[in-house]
Amino acid sequence: MADAKLYIEPSEARTFVEAVLTGNGVPAANATVVAKCLVAADLRGVDTHGINRIPSYMARVRNGVLDAGASPALTQVTPVVAQVDARNGFGFLAAALGMRAACDMAREFGVGMVSVRHSNHYGMAAWIVQQAVDEDMMSLVFTNSSPALAPFGGKSKLIGVSPIACGAPGGKEKPFIMDMAPSVAARGKVYKAKRRGEKIPSDWALDAEGRPTDDPAAALGGVMLPMGGPKGSALAIMMDVFSGVLSGSAFAGGVAGPYDPSRPSDVGHFLVAIKPDLFMSLDDFRQRMDFLYQRITSSEKAAGVDRIYFPGEIEQLIQEEREKSGIPLVQAEIDALNEEAKRVGKPLLVVKGN
């Protein structure tokens with residue numbers, strides 16, 4: 001069956017992606033960062049932002065609109081504020097550098113803020129939140145993105161379906177990791193459905209004529225629908241203010257999408273790290289987070305609900321499973337990835353069990 005799932009070992013996926021990236025001129029150290037972030041998305045079940053992004057990224061590299069050899073540069077603005085110039089390189093590199101700097105500032109001064117300009121798609125935002133959690137930091141992670149959403153009451157694409165992410169470390173329980181789009185569904189899910197020849201729910205998007213559609217191709221030619229009407233629209237605009245306007249990057253519909261090989265994306269990001277033991281000990285903070293987790297997950301369930309999850313918990317459970325079972329792909333996705341390997345003379349992706 002064309003849609004039968006085939007499984008890839010996480011380590012094999014990372015090795016494969018690193019090879020394709022270095023074959024396209026990405027420095028080895030940078031390729032390691034990008035591969036780790038893409039595989040992290042697949043492991044968390046965010047397949048829309050995983051290694052399947054490689055063909056579109058490489059198309060942008062070949063067209064000269066994404067600089068494979070670029071490394072980001074950081075400028076300190078104040079003791080607690082810095083800016084990263086991504087230099088039109090991979091967004092993963094700029095975001096990783098930015099969050100590392102934000103955490104370093106927060107460790108010394110309590111808070112650190114980094115604005116990133118001239119960047120590209122950084123994949124799943126949760127990996128940046130996880131980077132902060134691993135440093136015992138709370139975080140806010142914003143980005144803007146290419147037009148996909150009409151302002152509330154409009155019908156033309158203008159603002160991005162830009163993810164809003166934040167997080168905080170836990171104690172014995174799982175950390176709080178929120179990563180969500182301001183639309184009913186992330187646009188990456190529509191691309192995934194198109195790639196796999198699947199339909200989408202008719203409440204995700206409108207076609208070019210403003211009609212609900214279950215056809216992913218028609219949805220991509222139309223507009224995504226915001227969650228909560230004007231609320232989702234306002235959140236998407238907020239992402240543009242903090243990520244685009246503030247950083248000096250493209251905004252107000254000026255960002256080029258990751259599947260557009262015609263011009264640089266010029267994405268902006270906004271990253272904040274906060275030291276959680278500013279007002280109490282870290283142990284006290286962790287205990288309070290654990291109490292919140294327990295209260296949420298043990299609260300009375302509605303009819304038909306088997307379990308209440310903490311934000312990010314489902315993805316963490318999926319990761320635990322996929323670390324063992326592998327990353328599921330369909331044959332068409334494997335074929336597209338292997339075409340990229342063939343272009344640069346690198347080994348093909350090895351399917352688990354073959």
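Residues numbered from 1 in each chain as written. Predicted model: local features only at pLDDT ≥ 70, side-chain atom pairs only at ≥ 80, totals over all residues. Heavy atoms only, no water.

Take the sheet that holds strand S5 (residues 138–143) next. Read from one edge of the open sheet, 7 strands run S2-S3-S4-S12-S5-S8-S9, paired in mixed fashion. Looking along the sheet, the strands with just one partner apiece sit at the ends: strand S2 (73–78) and strand S9 (176–180). Strand-to-strand twist in this sheet, taken as the mean axis angle between neighbours without regard to direction, amounts to 15°. As paired strands, strand S8 (residues 164–168) and S9 are joined by 5 bridges and run antiparallel to one another. Bridging across to S9, Ile-164 finds its partner in Met-180. (Pairing = 2+ DSSP bridges. Helix = DSSP H or I, 4+ residues; strand = E, 2+ residues; numbered from the N terminus. Axes fitted to C-alpha atoms, helices over the stretch in contact; angles between N-to-C directions.)

It is worth spelling out helix H1 (residues 10–23) at this point. Residues separated by three or four positions in an α-helix point in the same direction, a consequence of the helix having 3.6 residues per turn. Under the 1.5 Å per step criterion, the end-to-end length of H1 is 20 Å for 14 residues, consistent within 8% with the ideal 20 Å. Those residues of H1 that sit buried are Pro-10, Glu-12, Ala-13, Phe-16, Val-17, Ala-19, Val-20 and Leu-21. For H1, the elements touching its buried residues are strand S1 (6–8), helix H2 (28–43), helix H3 (54–62), helix H10 (313–325), strand S13 (327–329) and helix H11 (331–343). Positive backbone phi, at 95°, marks Gly-25, one or two positions downstream of H1. (Expected span 1.5 Å × (residues − 1). Buried < 20%, exposed > 50% of the residue type's maximum accessible area, 1.4 Å probe, protein only. Contact = heavy atoms within 4.5 Å.)

Relative to the helices and strands, Ala-101 is located in helix H4 (residues 91–109). Take Ala-101: its relative accessible area is 13%, and that puts it in the buried class. Distance from Ala-101 to Ala-82, taken between C-alpha atoms, is 7.7 Å for residues 19 residues apart in sequence. Every residue in contact with Ala-101, bar those within four places of it in the chain, is listed here: Leu-74 and Val-114.

What follows deals with H10. Taking 1.5 Å of rise per residue, the 13 residues of H10 would be expected to cover 18 Å, and the 18 Å separating its terminal C-alpha atoms lies within 8% of that figure. As for H10, its buried residues are in contact with H1, H2, helix H9 (282–297) and S13. Looking at the residues trailing H10, positive phi occurs at Gly-326, about 105°.

Within a pair of aromatic rings, the relevant descriptors are the distance that separates the centres and the angle that separates the planes. By the definition in use, this model includes 9 aromatic pairs. Here the aromatic cluster, defined as three or more aromatic residues joined through ring pairs, consists of Tyr-57, Phe-90, Phe-92 and Trp-127. (Phe/Tyr/Trp six-rings, centres within 6.5 Å; stacked < 30°, edge-to-face > 60°.)

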